[in-house]
Amino acid sequence: MPDPVTRCRARSASYQLLSIAFAHPVPEITGQLADGRFQSALAGRMETAFGRIPPLPRLTIDPSEFESAYIALFERGGRGRPPVPLCAGEYMQLLDGRPRPEVLLEHTRFYRHFGLKVRGHGEDNELPDHLCCQLEAMAWLGELEARARQDDKSTEGLQRAQADFLDRLLIPFLDQFVPTLELELSRRDGDPLFAALGGATASLATWHAHEVGAVLPAPPAHVRAGEPLTEEQNLWG
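Note that the structure is a prediction, hence the values are computed from the model and not measured.

1. Digging into the overall build of the protein chain
Secondary structure assignment for the protein chain yields 10 helices and 0 strands. Buried residues in the protein chain amount to 46% of all 237 residues. Counting contacts in the protein chain only where the partners sit at least 6 residues apart, residues at least 24 apart contribute 70% of the total. Total accessible area on the protein chain is roughly 12100 Å²; 52% of this is exposed by carbon and sulfur atoms.

2. Some remarks on helix α8 (residues 156-188)
Here α8 spans 45 Å end to end across 33 residues, near enough to the 48 Å set by a 1.5 Å rise per residue. The largest bend in α8 is about 50°, located at leucine 166. Within two residues after α8, aspartate 189 carries a phi angle of roughly 55°, on the positive side.

3. Notes on the packing of helix α7 (residues 131-150) against α8
In the contact formed by α7 and α8, the axes pass within 11 Å of each other and the chain directions differ by 160°. Relative to α8, the element α7 is oriented roughly antiparallel. Judged by the twist between their axes, the crossing of α7 over α8 is left-handed. Facing Leu131, Gln134, Leu135, Met138, Leu141, Gly142, Leu144, Glu145, Ala148 and Arg149 of α7, the residues of α8 in contact are Leu158, Gln159, Ala161, Gln162, Phe165, Leu166, Leu169, Leu170, Phe173, Leu174 and Phe177.

4. As for the side chain of glutamine 39
The residue glutamine 39 is located in helix α3 (residues 37-50) in this model. Of the residues examined, glutamine 39 reaches a relative accessible area of 8% and is grouped as buried. Within the local environment of glutamine 39, its side chain forms a polar contact with the backbone oxygen of proline 57, the two atoms lying 2.8 Å apart. Setting aside residues no more than four positions away along its own chain, glutamine 39 makes contact with Gln32, Leu33, Leu56, Pro57, Arg58, Leu59 and Leu193.

5. Some details on the nonpolar core
Of all hydrophobic cores here, the largest spans 57 residues; its most connected members are Phe74, Leu131, Leu170 and Phe177. Residue assignment for this core shows that the elements contributing at least two residues are α1 (4-22), α2 (27-35), α3, α4 (63-74), α6 (100-113), α7, α8 and α9 (192-215). If one sorts the elements of this core by residue count, α8 sits on top with 12 residues. Filtering out sequence-adjacent residues up to four positions away, leucine 131 remains in contact with Phe22, Leu86, Leu170, Phe173, Leu174 and Phe177.

6. Observations regarding the environment of phenylalanine 194
Turning to its location among the elements, phenylalanine 194 is positioned in helix α9. The class for phenylalanine 194 is buried, based on a relative accessible area of 2%. Sequence separation between phenylalanine 194 and leucine 181 is 13 residues, and the spatial gap between their C-alpha atoms is 7.8 Å. In this structure, phenylalanine 194 is in contact with Phe66, Ala69, Tyr70, Leu73, Phe74, Leu181 and Leu185, ignoring residues within four places of it in sequence.

7. What about the side chain of glutamine 159?
Turning to its location among the elements, glutamine 159 is positioned in helix α8. On the basis of relative accessible area, glutamine 159 is assigned to the buried category, the value being 11%.

8. Observations regarding the packing of aromatic side chains
As enumerated under the stated definition, the model contains 13 aromatic pairs in all. Put simply, the rings of Phe22, Phe66, Tyr70, Phe74, Tyr91, Phe173, Phe177 and Phe194 pair up and form one aromatic cluster. Directly above the ring of tyrosine 91 sits arginine 81, whose terminal nitrogen or CZ lies 5.9 Å from the centroid.

9. Considering the confidence of the model for the protein chain
Here the protein chain averages 88 in pLDDT, and 87% of its residues register 70 or above. Confidence, expressed as mean pLDDT per element, reaches its minimum in the protein chain at helix α10 (residues 221-224) with 44 and its maximum at α3 with 98. Confidence over residues 221-237 falls short of pLDDT 50; this stretch has 23 contacts with residues more than four positions distant or in other chains.

10. Remarks on unusual backbone geometry
Its identity is not glycine, yet aspartate 96 carries a phi of approximately 50°, on the positive side. One non-glycine residue, aspartate 189, lies in the positive phi region at around 55°. The topology assignment puts aspartate 189 in the loop between α8 and α9. On the basis of relative accessible area, aspartate 189 is assigned to the exposed category, the value being 70%.

Scoring rules and cut-offs
Residues numbered from 1 in each chain as written. Predicted model: local features only at pLDDT ≥ 70, side-chain atom pairs only at ≥ 80, totals over all residues. Heavy atoms only, no water. Helix = DSSP H or I, 4+ residues; strand = E, 2+ residues; numbered from the N terminus. Buried < 20%, exposed > 50% of the residue type's maximum accessible area, 1.4 Å probe, protein only. Contact = heavy atoms within 4.5 Å. Areas by Shrake-Rupley, 256 points an atom, 1.4 Å probe, with all protein chains shown as cover. Expected span 1.5 Å × (residues − 1). Bend = angle between axes of the 7 residues up to and from the residue. Axes fitted to C-alpha atoms, helices over the stretch in contact; angles between N-to-C directions. Parallel < 35°, antiparallel > 145°, perpendicular 65-115°, else oblique. Left-handed = near helix turned anticlockwise from the far one by under 90°. Polar contact = N/O pair within 3.5 Å; in protein donor to acceptor, adjacent residues only side chain to side chain. Core = buried A, V, L, I, M, F, W, Y, C linked by side-chain atoms within 4.5 Å. Phe/Tyr/Trp six-rings, centres within 6.5 Å; stacked < 30°, edge-to-face > 60°. Lys NZ or Arg CZ within 6 Å of the ring centre and 35° of its normal. pLDDT = per-residue confidence, 0-100.

Here is the structure:
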């Protein structure tokens with residue numbers, strides 16, 4: 001069994017790889033999805049982190065068609081909305097009656113607490129609730145946990161932050177995103193790699209949530225009761 005620091009870094013790298021996979025395609029990554037190098041890299045990290053590997057086939061369509069397939073799924077669609085949105089705020093079930101800016105602010109506050117910021121002009125300009133931003137945030141928290149473990153510091157706050165983000169934001173989003181992706185791919189007979197990437201992301205988040213939930217002490221009573229936290233009450237230690 002790998003040591004805890006190695007496992008943390010492998011888990012962090014898994015989040016980072018899947019963030020890259022769901023970003024707008026670049027030829028280097030598309031080539032690795034076609035020849036299996038990406039799949040091998042992710043499998044190695046996931047096995048180190050969890051001892052399990054989610055199935056991930058190679059790209060079956062011509063790599064030159066991958067970008068257009070990605071755009072058709074995630075970036076363009078009828079009535080100004082893509083068939084499979086990559087942003088949580090595009091799913092009405094996740095808004096739960098709240099305005100979209102409130103969802104964006106919820107993500108932004110979390111990122112700022114850990115010294116992260118959303119990409120701005122001149123970069124990808126992704127919104128805070130974009131899947132890639134969420135996966136990158138989890139990757140960063142994993143790296144912070146690895147550093148704390150290496151320095152023999154407490155990791156409870158960082159673990160609780162990860163559990164909180166998974167439970168409140170990432171997993172509910174994936175519960176909407178993955179079935180929507182699978183349904184759309186079945187309608188258009190799309191490449192199965194897209195669905196497998198979604199499934200791998202859901203597996204990573206679920207395995208991580210189970211693992212971190214098993215080692216954390218019970219949260220305070222007011223958190224278990226679902227009472228809102230003020231800005232002064234820091235859930236992450």
